[in-house]
Amino acid sequence: MTEKHHPYHLVDPSPWPIVGALSALVTMVGLVLFMHGYGLIVSGLGLAMVLFTMFAWWRDVVKESQTRVHHTPQVQFGLRMGMALFITSEVMFFVAFFWSFFNSSLFPAPEIGGIWPPKGVEPINPFDLPYLNTLLLLLSGTTITWAHHEITNPEHRKMVLQGLGFTVLLGLIFTSVQAFEYAHAEFGFKDNVFSSNFYMATGFHGLHVIIGTIFLIVCWFRAKAGQFTPKSHVGFEAAAWYWHFVDVVWLFLFVCIYWWGSGR
């Protein structure tokens with residue numbers, strides 16, 4: 001084995017890229033079949049394969065992060081930029097949803113009466129449960145920032161765990177409140193263009209909250225195991241960035257869709 005003369009990490013041969021590609025293929029074939037009335041088992045199998053690939057691949061990355069030989073400052077920078085680009089791609093999903101929403105609301109079609117919201121729609125009061133969820137997410141942004149600040153001090157691991165724990169709790173409460181809101185909404189997903197835009201945008205954001213909460217739970221266990229250090233905590237930074245992204249998107253949803261879009 002020759003001595004390495006560069007600061008980058010050349011990974012060992014791994015089965016996960018090809019396994020992940022096959023898993024995605026099985027999942028998409030299963031979903032296409034499911035849309036035609038069958039294929040539930042195939043899509044479920046594909047989803048299980050995808051989840052297994054994610055778990056195994058990230059497990060290997062976490063193992064690599066435990067040594068400074070592999071995750072040098074240059075490698076950590078690359079991982080941070082990768083996360084930043086991923087969040088940018090997620091932003092574009094929401095750009096599409098907001099584009100659809102503003103196209104329908106600024107230029108209401110004659111088919112919906114030429115007004116917004118459409119006739120017969122009773123929008124959710126933005127200053128009821130949506131306002132509570134806004135406060136919950138803003139508070140969670142504070143607690144994750146607290147944990148991020150404390151992680152730079154190796155003697156404050158207890159405070160890191162507290163900050164992460166509070167953030168996870170707030171995320172779970174947010175999801176519960178949104179589920180309650182959906183259960184009591186007076187319109188369904190297929191009712192009209194207002195409801196379709198509403199559920200796609202807020203529901204997709206809710207999915208991100210669930211994913212971000214799982215991300216933070218993993219970080220809590222990693223922090224408890226002592227895997228984060230002041231100079232090496234890229235996994236935590238990725239989770240914190242993702243959570244702040246979720247916070248900011250919700251503010252746009254609250255102002256544009258809940259408040260302005262409801263005609264109030």
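Chemist: Can you tell me about the nonpolar core, naming the residues and giving the values?
Modeler: Counting 46 residues, the largest nonpolar core has Leu164 and Phe236 as the members making the most contacts within it. Among the elements of the structure, α3 (73-106), α4 (129-150), α5 (157-183), α6 (193-224) and α7 (234-259) are those that each provide at least two residues to this core. It is α7 that provides the largest number of residues to this core, a total of 15 residues. Filtering out sequence-adjacent residues up to four positions away, Phe236 remains in contact with Ile144, Ala147, His148, Ile151, Leu164, Cys219 and Phe228.

Chemist: Explain the pattern of salt bridges residue by residue, including any values.
Modeler: Scanning the entire structure with this criterion turns up two salt bridges. Where Asp60 meets Arg59, a salt bridge forms, and the shortest distance between an N and an O atom there is 3.2 Å. Residue classification places Asp60 among the partly exposed positions, given a relative accessible area of 23%. Using a relative accessible area of 35% as the deciding quantity, one classes Arg59 as partly exposed. Notably, a salt bridge pairs Arg80 with Glu237, separated by 2.5 Å at the nearest N-O pair.

Chemist: Run through the packing of aromatic side chains, naming residues and quoting values.
Modeler: Going through the model one piece at a time under the given rule, you end up with 32 aromatic pairs. Ring geometry for Phe101 and Trp116: centres 5.8 Å apart, planes at 80°, overall edge-to-face. Taken together, the positions of Phe101 in helix α3 and Trp116 in the loop between α3 and α4 put the pair 15 residues apart, joining distant regions of the chain. Trp116 carries the same exposure label as Phe101, and that label is buried. With a centroid separation of 5.3 Å and an interplanar angle of 85°, the aromatic rings of Phe198 and Tyr258 are classed as edge-to-face. One end of the pair, Phe198, is in helix α6; the other, Tyr258, is in helix α7, with 60 residues separating them in the sequence. The exposure classification of Phe198 matches that of Tyr258, with both residues buried.

Chemist: Please provide a residue-by-residue account of empty space enclosed by the protein, values included.
Modeler: If a probe as big as a water molecule is rolled over the atoms, it shows which places are left empty. Enumeration according to the criterion identifies one cavity of 30 Å³ or more in this entry. Considered as a void within the structure, the largest cavity measures approximately 40 Å³ in volume. If you go around the largest cavity, the residues you meet are Pro123, Ile124, Phe187, Phe194, Phe198, Ile257, Tyr258 and Ser262. Contributions of two or more residues to the lining of the largest cavity are made by α6 and α7. Of the residues assigned to the lining of the largest cavity, the class counts are seven nonpolar, one polar and no charged.

Chemist: Can you tell me about unusual backbone geometry, naming the residues and giving the values?
Modeler: Between Trp116 and Pro117 the backbone carries a cis peptide bond, its omega angle lying at -5°. Along the polypeptide, Pro117 turns up in the loop between α3 and α4.

Chemist: I'd like a description of helix α2 (residues 40-65), backed by residues and values.
Modeler: Between its first and last C-alpha atoms α2 spans 37 Å; for 26 residues at 1.5 Å apiece the expected length is 38 Å, and the two agree. What α2 keeps buried is the set Ser43, Gly46, Thr53, Ala56 and Ser65. Where α2 is buried, its residues touch α1 (16-35) and α6.

Chemist: Which residues make up the layout of surface pockets, and what are the values?
Modeler: By volume, the largest pocket is sized at about 1,500 Å³. Together, 33 residues line the largest pocket, and Met54, Trp58, Ile211, Phe215 and Val218 are the ones closest to its centre. Elements with a minimum of two residues in the lining of the largest pocket: α2, α3, α6 and α7. Class assignment of the residues belonging to the lining of the largest pocket gives a composition of 22 nonpolar, eight polar and three charged. For the second largest pocket, the calculated volume is near 370 Å³. Taken together, 18 residues make up the lining of the second largest pocket; nearest its centre are His9, Val11, Asp12, Val61 and Glu64. For the lining of the second largest pocket, the secondary-structure elements that each account for two or more residues are α1, α2 and α3. Taken together, the residues of the lining of the second largest pocket sort by class into nine nonpolar, six polar and three charged.

Basis of the calculations
Residues numbered from 1 in each chain as written. Predicted model: local features only at pLDDT ≥ 70, side-chain atom pairs only at ≥ 80, totals over all residues. Heavy atoms only, no water. Core = buried A, V, L, I, M, F, W, Y, C linked by side-chain atoms within 4.5 Å. Buried < 20%, exposed > 50% of the residue type's maximum accessible area, 1.4 Å probe, protein only. Helix = DSSP H or I, 4+ residues; strand = E, 2+ residues; numbered from the N terminus. Contact = heavy atoms within 4.5 Å. Salt bridge = Lys/Arg side-chain N within 4 Å of Asp/Glu carboxyl O. Phe/Tyr/Trp six-rings, centres within 6.5 Å; stacked < 30°, edge-to-face > 60°. 1 Å grid on protein atoms, 1.4 Å probe; cavity = no way out; pocket = protein on both sides within 12 Å on 5 of 7 lines; lining within 4 Å. Points joined across faces, edges and corners; volume = space filled by probe spheres on them. Nonpolar A, V, L, I, M, F, W, Y, C, P; charged D, E, K, R; others polar. Expected span 1.5 Å × (residues − 1).

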